[in-house]
Amino acid sequence: MARLEESAAFDQLPPHVLELVLRAMEEARVEAGAELMRQGEPGDRLLFLLEGRAEAFLETEQGERRAIATLETGDIVGEMAFVTDEPRTATVVASGPIHALTLGVAEFGKLAVRHPEVGIVLTRVVAERLGESSLDGLGGKRLDRYRIVRAIGRGNMAVVYEARDDRMERTVALKMMSHRLRYETGATARFLQEAELLLTLDHPSVAHVHHYFEAYNTYFIVMEYCDGPDLG
């Protein structure tokens with residue numbers, strides 16, 4: 001059985017804060033085949049898997065259901081909706097019996113206000129999962145006028161997605177500021193400064209920037225999509 005204090009996500013919390021998190025959580029047991037959460041629903045709670053395994057599926061606009069992740073003992077489930085303040089990005093189904101700890105959004109909000117490090121824990125989890133594979137929690141989603149196709153690059157500061165601009169009928173690259181930077185002083189200002197600077201550049205050797213926008217509690221820079229091999 002997994003222990004919250006031993007998980008990679010929560011092991012950096014001060015002991016007194018971890019104790020408060022544990023007190024706010026409730027035990028839950030789920031039968032095999034049951035849905036832990038459904039795509040599109042409000043993010044009302046997250047789960048920490050003490051025992052068990054689950055599969056996360058992405059349901060596309062075309063009605064396809066694609067497996068995007070396997071969640072196992074010690075994993076957190078449902079953190080995306082908490083961090084992004086958006087509806088669930090995936091459907092999660094129990095592969096077998098599950099024993100979990102749950103934390104409601106209201107309880108999480110109270111903890112995060114008094115202890116910001118709790119919010120930082122979840123932003124790190126989200127940052128590690130987005131862009132981890134070509135299909136992730138944002139794959140197939142529509143942001144502004146863009147439909148995300150797949151993740152094509154990932155670094156410490158950003159994840160880059162291939163997306164389709166339905167209004168202009170073209171493929172673009174969406175550079176998303178990593179959620180881990182939301183709590184880093186000056187990081188958002190630097191990211192937006194980069195976007196403003198790139199908007200002023202017009203050169204055949206520089207990828208053109210169209211504009212930028214806010215979504216999923218972070219920022220996206222819309223750039224020219226350059227197909228072909230990488231610079232290396």
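Conventions adopted
Residues numbered from 1 in each chain as written. Predicted model: local features only at pLDDT ≥ 70, side-chain atom pairs only at ≥ 80, totals over all residues. Heavy atoms only, no water. Pairing = 2+ DSSP bridges. Helix = DSSP H or I, 4+ residues; strand = E, 2+ residues; numbered from the N terminus. Buried < 20%, exposed > 50% of the residue type's maximum accessible area, 1.4 Å probe, protein only. Contact = heavy atoms within 4.5 Å. Salt bridge = Lys/Arg side-chain N within 4 Å of Asp/Glu carboxyl O.

(A) Local environment of the sheet that holds strand S3 (residues 45-51). Strand order in the open sheet formed by four strands is S1-S8-S3-S6, and the pairing between neighbours is antiparallel. Only two strands of the sheet have a single neighbouring strand rather than two, namely strand S1 (26-30) and strand S6 (76-77). As judged from the two bridges shared by S3 and S6, these two strands associate in the antiparallel manner. The residue of S6 that forms the bridge with Phe48 is Ile76.

(B) Looking closely at the pairing of strand S11 (residues 158-165). Counted residue by residue, S11 has six buried out of eight residues, so it is predominantly covered. Note that strand S10 (residues 146-154) and S11 share seven bridges and pair antiparallel. Note on S11: the bridge partner recorded for Tyr146 is Asp165. Linking S10 back to S11 in an antiparallel pair, the connection comprises three residues. Inspection of the sheet shows S11 paired to strand S12 (residues 170-177) by eight bridges, in the antiparallel sense. Among the inter-strand pairings, Val159 is bridged to a residue of S12, identified as Met176. A loop of four residues connects S11 with S12, the two strands running antiparallel in sequence, and Glu169 in this loop sits at a positive phi of about 55 degrees.

(C) Broad picture of the side chain of Ser178. With respect to the helices, strands and loops of the structure, Ser178 is situated in the loop between S12 and helix H5 (187-199). Given a relative accessible area of 3%, Ser178 falls into the buried group. Contact partners of Ser178, with chain neighbours within four places excluded, come to Ala127, Asn156, Met157 and Ala158.

(D) Highlighting the pattern of salt bridges. One pass over the full model with this rule turns up 17 salt bridges. Between Asp165 and Arg145 there is a salt bridge, and its shortest N-O distance comes to 3.0 Å. Of this pair, Asp165 sits in strand S11 while Arg145 sits in the loop between strand S9 (142-143) and S10; the two residues are 20 residues apart in sequence, bridging distant segments of the chain. Take Asp165 and Arg145: they sit in the same class, and that class is buried. Arg150 serves as the salt-bridge partner of Glu162, at 2.7 Å between the closest nitrogen and oxygen. In this pair, Glu162 is assigned in strand S11 and Arg150 in strand S10, connecting sequence segments twelve residues apart. Residue classification places Glu162 among the buried residues on the basis of a relative accessible area of 14%. Residue Arg150 is classed as partly exposed on the basis of its relative accessible area of 34%.

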